[in-house]
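# Observations on the model geometry
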Amino acid sequence: MAAELNEPSEGIGKRAVRGTFWSFLSFLSTKALTFITTIVLARLLAPAEFGIIAYCTLAIGFFDLLNNVGVGHALIARRDRLEEAQNAAFFISIGSSIVLYAGAWVLAPLIADFFNEPRVVPLLRVLALGLLLVGVGTVPMAMLQRDLRFKAYLLPGIARNIIKAGVAIGMAWQGFGVWSLVVAELINKVLEVIIPWAIVRWFPSRAFDYRVVREMLGFGVNIVAVGLLGTLMVNIDYIIVGRVLGGVALGYYTIAYRIPELFIRSVLDTVMMVAFPVLSHMQADPQKLATAYFGYLRYLAVFAFPAGVGIALLAPAFFGTFYTEEWQPAVVPMQLIALEISIASVAYIPGIVYKSINRPDILTKLTLLKLPVVVAVLWVASGWGINGVAAGMVALSLASMVLDSIVVQRVIGFRFADMLHVLAPIVAATLMMALAVASVAAMLPANLVGLIVPALLGGVVYGAALAFFSRETFVEATTAVRAALARL
C-alpha cells in the first residue's frame, strides 16, 4: 500500500526534475543568444532608446498581468472539471485581452505624460497588440504547464528566440532605432501563441458551468491582485528612475539590470515555472510540501548566491570587455543589482508555496505591507542617482528576505533553524569564492583575461568550499545534474 501511495509522488518528482532540466537547457541556449543580442544592440542603440522602450515595457507588463484575469494560473492549479475550466479560461482570456488592448490605446497619452516622453504613445499602442495574442494563447500554455510538458514547447522556443534576435539586430543595423525592439517583440508574441496551439491541438467545446467560471475568477482575481502588486514591487525602481531621473538614466539602469536578470533571475524564473505545478500536486500533503520547499530553496541558493557575488565582483571587467565607454555609468548599479537579485532568490519559493496551496491572499497582504516602505526608500535613494536606487534595492531585499522567511515558516510549519542549516554552508562557500575572485581580479586588467580567469577560479573554489562545508548539498546538486543529463 505504501508503494502505491509513493508512486504518484515519485512520478511527479521525476517529471519535475525532467521539466526543470528542459527549462534550464532552453535557458542556456536562448539566454546565450539574448546575451549576444544585448551586447550588439547596446552598440547600435543609444541609452535613451533603451530608456524609451523600458517605459513601454513597464506599462505593458501591468496590462499583461490583467490579461486573462489570472485564469491561466487557476487552470494550472485546478484538478477537476477540466473541460469546463478550459472553456471558461479561453473565453475569459479572449474577452479580457480585447478590453485591455482598448485600455492601452486610450491610456497611452497619459502614460507618456507621466514619463514626460511623447514618443511613448505610438510605441505603446503597437506593442499592445501583443495583449491580444496573449489572450489567445493562455489556455494551451496553461495546459502544457499543468501537465508538466516542458520539453514540448521549450525546445521550439529556441527557434523563436533566434528569429526575435535576428529581427531586432537586423532592423537596428538598418537604422530603425527603438522600433527594431518593438517589431521583434511582436513577432516573438506571435510565435509564443502558435507553438503551444500546435502542440496541444485543443479546441473549446460546448461544456460550460457557471459555477466553474465563478471558481476560476475567484482564484484568478487573487492571482491578479498579487501579480499587480508584485509587479509594482518588482518594477518600482524602474518607475522611479524613469519618472525622477529621466530616459537616459533609465537606459543605463536597464542595461545594468540586464545581465544579472539574464544570468540569475531567468534561471530562478525557469525553476519557478516548474515549481508551481509541482507544488500544486503536493498541496494536500504538508510534509511533502515542506520537503519540496527546502529542496527548491537549497538549489536556488546554491546557484543564486555565488552568481550574484561573482557578477558583482566581475562587473568592471565585464563592461571593459563587451561595452563601450558610453555605458560606464551602469557598472556600479549592475554590481548592486546582482547582489539584490541573489538575496531575493530566497523569497521566490514562499510566493510559489502560497499560490500552490490556494492562499495567494497571503502574498497580497505582504506586498501591501511592503509597498509603502519600498516607495519611500527608493524615492529618497533616487537623490543619489541610479547608484542610490540600486543600493536601496539591496537594503530592501535583505529586509524582505527576513519577513518572507518568518511568514512561510508559520504557514507550512518548520523551524527557522532548519532554513539556516540549509543556507549556512552555501553562504560560507560563497564568501570563500568571493575572497578568491576579488584577490585575483584586483591583480588583472579589466578586460577579457580579467573576466575569464577570476570566473574560472571562483567556480573551482566555490565547488571545493561547498563540498567542504556541506558534502550533502554538494552531492545532491551534482547528482541532480547527472540525473537530468541522463534523461537526454
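What comes next concerns the included structure. (Residues numbered from 1 in each chain as written. Predicted model: local features only at pLDDT ≥ 70, side-chain atom pairs only at ≥ 80, totals over all residues. Heavy atoms only, no water.)

### Brief notes about the packing of aromatic side chains
For the structure shown, the criterion picks out 13 aromatic pairs. With 4.9 Å between their ring centres and 85° between their planes, F114 and F115 make a pair best called edge-to-face. The partly exposed category is assigned to F114, whose relative accessible area is 38%. Consider the rings of Y253 and Y257, whose centres lie 5.9 Å apart with planes at 55°: the pair is tilted. On the criterion of helical spacing, the pair formed by Y253 and Y257 is a turn pair, its members being four residues apart in helix α10 (residues 247–281). The burial state of Y253 is the same as that of Y257; both residues are buried. Ring pairing ties together the aromatic residues F50, Y252, F318, F319, F322, Y323 and W327, which thus form one cluster. The ring of W105 carries the charged tip of R125 above its face, separated from the ring centre by 4.3 Å. Taking the ring centre of F114 as reference, the NZ or CZ of R243 above it sits at 5.1 Å. (Phe/Tyr/Trp six-rings, centres within 6.5 Å; stacked < 30°, edge-to-face > 60°. Buried < 20%, exposed > 50% of the residue type's maximum accessible area, 1.4 Å probe, protein only. Helix = DSSP H or I, 4+ residues; strand = E, 2+ residues; numbered from the N terminus. Lys NZ or Arg CZ within 6 Å of the ring centre and 35° of its normal.)

### Remarks on the packing of helix α5 (residues 120–127) against helix α8 (residues 179–200)
Between α5 and α8, the least distance of the axes is 10 Å, while the angle of their chain directions is 15°. Relative to α8, the element α5 is oriented roughly parallel. At the point where α5 passes α8, the crossing takes the right-handed sense. In contact with P122, L123, V126 and L127 of α5, α8 contributes W179, V182, E185 and L186. Broken down by class, the residue content of the contact of α5 with α8 amounts to seven nonpolar, no polar and one charged. (Axes fitted to C-alpha atoms, helices over the stretch in contact; angles between N-to-C directions. Parallel < 35°, antiparallel > 145°, perpendicular 65-115°, else oblique. Left-handed = near helix turned anticlockwise from the far one by under 90°. Contact = heavy atoms within 4.5 Å. Nonpolar A, V, L, I, M, F, W, Y, C, P; charged D, E, K, R; others polar.)

### With respect to unusual backbone geometry
In the Ramachandran plot, N116 falls in the positive-phi region, its phi being about 55° despite a non-glycine side chain. The topology assignment puts N116 in the loop between α4 (82–114) and α5.

### What to know about the nonpolar core
If you look at the biggest cluster of nonpolar residues, it comprises 114 residues, and the most contacted ones within it are Y253, Y293, F318, F319 and Y323. At 19 residues, helix α11 (residues 286–322) tops the list of elements feeding residues into this core. If you look at the next biggest cluster of nonpolar residues, it comprises 12 residues, including F90, V139, A142 and W202. (Core = buried A, V, L, I, M, F, W, Y, C linked by side-chain atoms within 4.5 Å.)

### Regarding the pattern of salt bridges
As enumerated under the stated definition, the model contains three salt bridges in all. R119 is the partner of E117 in a salt bridge, and the nearest nitrogen-oxygen pair spans 3.0 Å. For E117, a relative accessible area of 13% puts it in the buried group. For K370, the salt bridge goes to D404, with nearest N and O atoms at 2.8 Å. On the criterion of sequence distance, the pair formed by K370 in helix α14 (residues 360–381) and D404 in helix α15 (residues 385–412) is long-range, its members being 34 residues apart. When sorted by exposure, K370 lands in the same class as D404, which is buried. (Salt bridge = Lys/Arg side-chain N within 4 Å of Asp/Glu carboxyl O.)

### Quick word on the environment of L398
Mapped onto the elements of the fold, L398 is located in helix α15. Along the chain, L398 and A344 lie 54 residues apart, while their C-alpha atoms are 7.6 Å from each other.

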